[in-house]
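Below are the chains, spelled out letter by letter.
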Amino acid sequence: MTFDRAIKIAPSILAADFASFGAECAAVEAQGADWIHVDVMDGHFVPNITFGPATCAAIRPHIKGVMDVHLMIAPVDPYIDAFADAGADVLTAHVEAGPHIHRTLQAIRGAGMKAGVALNPGTPASAVAELMDMVDLICVMTVNPGFGGQKFIDMTAKIKTLRDMIGDRPVHIEIDGGVDPKTAPLVAKAGADVLVAGSAVFRGGSVSDPAPYGDNIRAIRAAATGVWA
Ligand SMILES: O=C(CO)[C@H](O)[C@H](O)COP(=O)(O)O
Ligand SMILES: [Fe+2]
């Protein structure tokens, strides 16, 4: 994975057909997705359960590019090696998920993956101030995690603060929740480069009719490109 600041669209398979994950990943990549975002939920850290490392391993052969795994689980550390073995490229843990985020990020990099840290809407940018040299990605949640299809919460001030804190380090800012062609330019202008979108990408299409995925991805990318000063 090489670093760049171009806008990357990362469809969340939380909004895909759960019976056809492999085909959905391939379809959405063929329609222009840059990364595939995989939401792992445990029914404990968040009030919903999705899937785990076995599902990641099963979909990995269907993904040509980056598999971006968003862990909404606590604890994280016992599962890091399982997600590395499953082929995750980026593994993101929540700063709220435990008392030892520094150790968790070290372990993620130690297992050969890019390390991400996610912040809930109620968590300030300062919570990751000591982690700037430990992370490859900061995920700013613009919904409270647990479900797709929720309303965007404006976190642009936090995104700007984080971009200043990052300085010239090669760290992505990812936005997750409620991203669509209306909200994408707001977050891109504030300094985000990876835009996760579930409902706004998968709406209107299917594996047998994937063209709407491409239309949706192009609409988000066009709205977000060229707005960052
Ligand atoms: O992490 C998540 C929810 O916890 C999802 O990635 C996110 O909500 C994407 O879905 P949508 O674009 O429909 O909001
Ligand atoms: Fe997510």
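Cut-offs used in this document
Residues numbered from 1 in each chain as written. Chains lettered and ligands numbered in written order. Predicted model: local features only at pLDDT ≥ 70, side-chain atom pairs only at ≥ 80, totals over all residues. Heavy atoms only, no water. UniProt positions renumbered as here; feature names shortened; annotations may be inferred. Donors = N, O, S within 2.8 Å, 3.2 Å for Na, K, Ca; no water. Tetrahedral: all angles 85-135°; square planar, octahedral: opposite > 155°, others 65-115°. Helix = DSSP H or I, 4+ residues; strand = E, 2+ residues; numbered from the N terminus. Buried < 20%, exposed > 50% of the residue type's maximum accessible area, 1.4 Å probe, protein only. Contact = heavy atoms within 4.5 Å. Near = heavy atom within 4 Å. Polar contact = N/O pair within 3.5 Å; in protein donor to acceptor, adjacent residues only side chain to side chain. Areas by Shrake-Rupley, 256 points an atom, 1.4 Å probe, with all protein chains shown as cover. Nonpolar A, V, L, I, M, F, W, Y, C, P; charged D, E, K, R; others polar. pLDDT = per-residue confidence, 0-100.

Per an unreviewed UniProt entry, the protein goes by the name Ribulose-phosphate 3-epimerase and belongs to Tateyamaria armeniaca. Quoted verbatim from the Pathway (unreviewed entry) field of the UniProt record, the comment on the protein reads "Carbohydrate degradation." The protein has a UniProt comment under Catalytic activity (unreviewed entry) that states "D-ribulose 5-phosphate = D-xylulose 5-phosphate".

A. Seen up close, the coordination of the iron ion (ligand 2). Taken together, His 37 (NE2), Asp 39 (OD), His 70 (ND1) and Asp 176 (OD) make up the protein donors of the iron ion (ligand 2), found 2.0 to 2.3 Å from the metal. For the iron ion (ligand 2), the six donor atoms in the first shell make angles of 71 to 176 degrees at the metal, a pattern classed as octahedral.

B. Just the UniProt feature "active site" (unreviewed entry) in the protein, in detail. UniProt marks Asp 39 and Asp 176 with the feature "active site" (unreviewed entry), using the numbering shown here. Over a stretch of 138 residues, the named residues converge on one spot in the fold, their C-alpha atoms separated by at most 10.4 Å. Note on placement: Asp 39 falls in strand S2 (residues 35–41). For Asp 39, a relative accessible area of 3% translates into the label buried. When near neighbours in sequence (up to four residues on either side) are disregarded, Asp 39 contacts Ser 12, Leu 14, Thr 50, Phe 51, His 70, Met 72 and Asp 176.

C. The arrangement of the site of ligand 1 in detail. In the region of ligand 1, 19 residues are neighbours, and Asp 39, Gly 149, Asp 176, Gly 198 and Ser 199 sit closest. Within the contact set of ligand 1, an oxygen atom lies 3.2 Å away from a side-chain nitrogen or oxygen of His 70. Between ligand 1 and the protein, one listed contact pairs an oxygen atom with a backbone N or O atom of Gly 178 at 2.9 Å. Summarising the interface, the protein chains cover 98% of the accessible area of ligand 1, which totals 370 Å² for the free molecule. At the level of secondary structure, the elements contributing two or more residues to the shell around ligand 1 comprise S2, strand S3 (66–72) and strand S8 (194–197). Here the residues of the shell around ligand 1 sort into seven nonpolar, ten polar and two charged.

D. Looking closely at the confidence of the model for the protein. Here the protein averages 98 in pLDDT, while 100% of its residues score no lower than 70. Here the complex is predicted with pTM 0.98, and the ipTM for its interfaces comes to 0.98.

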